[in-house]
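Listed below are the residues making up each chain.
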Amino acid sequence: MSAPLVIFDVDGVLVDTLPANVEAYLHACRQMGLPAPDAENVRRLLGRSAEEMAVALGCPPEHVGEFVDGHARPRYQAIVARGVPTFPGVPEVLAALRDGGTRVAAWTIGGVAQQEAVLTAAGIRRWIELLHAPGVTGYPKPDPRGLEEIVVRFTAAEPRYLVDDRGEMLAPADRIGARRIFAAYGYGTAPTPDPDAVLRAPRDLLALIASAGG
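The rules behind the values
Residues numbered from 1 in each chain as written. Predicted model: local features only at pLDDT ≥ 70, side-chain atom pairs only at ≥ 80, totals over all residues. Heavy atoms only, no water. Helix = DSSP H or I, 4+ residues; strand = E, 2+ residues; numbered from the N terminus. Rg over C-alpha atoms; globule rule 2.2 N^0.38 Å. Buried < 20%, exposed > 50% of the residue type's maximum accessible area, 1.4 Å probe, protein only. Areas by Shrake-Rupley, 256 points an atom, 1.4 Å probe, with all protein chains shown as cover. Lys, Arg positive; Asp, Glu negative; His and termini not counted. Charge placed at Lys NZ, Arg CZ, Asp CG, Glu CD. Pairing = 2+ DSSP bridges. Axes fitted to C-alpha atoms, helices over the stretch in contact; angles between N-to-C directions. Salt bridge = Lys/Arg side-chain N within 4 Å of Asp/Glu carboxyl O. Contact = heavy atoms within 4.5 Å. Right-handed = clockwise from strand over helix to strand, strands pointing away.

Asks: I keep staring at the overall build of the protein and nothing clicks. Help me out?
Replies: Of regular secondary structure, the protein possesses 8 helices and 6 strands. Listed N to C, the secondary structure of the protein is β-α-α-α-α-α-β-α-β-α-β-β-β-α in terms of helices and strands. What you see for the protein is a C-alpha radius of gyration of 17 Å, in line with the 17 Å of a compact globule of 214 residues. Here the C-alpha coordinates of the protein stretch approximately 55 × 30 × 30 Å along the principal axes. Relative to its 214 residues, the protein shows a buried fraction of 51%. If you sum the accessible surface of the protein, you get close to 9,400 Å²; carbon and sulfur atoms cover 52% of it. Charged side chains of the protein number 21 positive and 26 negative; the gap between the two group centres comes to 3 Å.

Asks: Whenever I open this one, the sheet that holds strand S1 (residues 5-8) confuses me. Can you help?
Replies: Either a parallel or an antiparallel arrangement is found when strands of a sheet pair, and the pairing is made through backbone hydrogen bonds. Reading across from one edge, S3-S2-S1-S4-S5-S6 is the order of the 6 strands in this open sheet, with parallel pairing throughout. Both outer strands of the open sheet, strand S3 (130-132) and strand S6 (197-199), are each paired with one neighbouring strand and no more. Across the sheet, the mean angle separating the axes of adjacent strands is 25° when strand polarity is ignored. As judged from the 4 bridges shared by S1 and strand S2 (residues 103-107), these two strands associate in the parallel manner.

Asks: Would you mind going over unusual backbone geometry with me for this structure?
Replies: Phi is mostly negative for residues that are not glycine, and the peptide bonds are mostly trans. Between Lys141 and the following residue, Pro142, the backbone shows a cis peptide bond with an omega angle of 15°. Here Pro142 lies in the loop between S3 and helix H7 (145-153). Here the amide bond leading from Thr192 into Pro193 is cis, since omega sits at 0°, within 30 degrees of zero. For Pro193, the position within the fold is in the loop between strand S5 (178-183) and S6.

Asks: Any chance you could explain the pattern of salt bridges here in plain terms?
Replies: Close approach of charged atoms allows side chains with opposite charge to pair. Applying the stated criterion across every chain yields a total of 15 salt bridges. Here Arg43 ties to Glu40 by a salt bridge, and the two come within 2.5 Å at their closest N and O atoms. Placement of both Arg43 and Glu40 in helix H2 (residues 39-45) is noted, with a separation of 3 residues, approximately one turn of the helix. Exposure remark for Glu40: the relative accessible area of 35% places this residue in the partly exposed category. Between Arg103 and Glu129 there is a salt bridge, and its shortest N-O distance comes to 2.5 Å. Here Arg103 is found in strand S2, whereas its partner Glu129 is found in the loop between helix H6 (112-121) and S3, with 26 residues between them in sequence. Taking relative accessible area as the criterion, Arg103 reaches 30% and is therefore assigned partly exposed. With a relative accessible area of 32%, Glu129 lands in the partly exposed category.

Asks: How should I be thinking about the side chain of His27 in this particular structure?
Replies: When you line up the elements, His27 lands in helix H1 (residues 18-32). Residue classification places His27 among the buried residues on the basis of a relative accessible area of 12%. Those residues within four positions of His27 in sequence are excluded, and the remaining contacts are His71 and Arg75.

Asks: How do you make sense of the pairing of S2 when you look at a structure like this?
Replies: Side chains on a regular strand alternate between the two faces of the sheet. Buried residues dominate S2, accounting for 4 of its 5 residues. The sheet contact formed by S2 and S3 spans 3 bridges and is parallel. Bridge pairing in S3 places Ala106 opposite Leu131. Note on the crossover from S2 through H6 to S3: the handedness is right-handed.

Any functional reading would require information that these geometric values do not contain.
What follows is the structure, given as structure tokens:
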């Protein structure tokens, strides 16, 4: 049997960047004179682009560039540079996957430079073989063609698993013949219809792959 392929989302699956995001968007709102959102509102919006989040938080479209590039992104980058926590067990899970021959990729909506910094600060970049993010592709997440680009890099890797904490992001898994794995410990909401499997903690993935025989 060939080696499996696991495609992870980053924020809400591998790393817990919710506190950094809340602080960054609160800071931008304060600087722009906008009402301060609560943490739950920011959590519900995670998974969208920074520009979409700015508008959803009340920023006028014509000032989105100032909101994101002038305030939110610099504050976020300063926070994550000091280190980002992974969800419990993530480093051990990634190490076990790679030691066992599983191929590991990340499919993320955050820009490549930002996510390189996040994964490096969290100490887990070395286990991720491919980071697929805006800046290295013309088909950034959630465009399903991005998943097809990933699979081309790992053509012999099967079975395939797509792991995300946002149910809607699991919808294109069928396009690459991947199992839909919902990370229930993250920020998002469950998919409809039900996923192929639910992770209550990152380590659950190891048992899932082992039970499938790879």
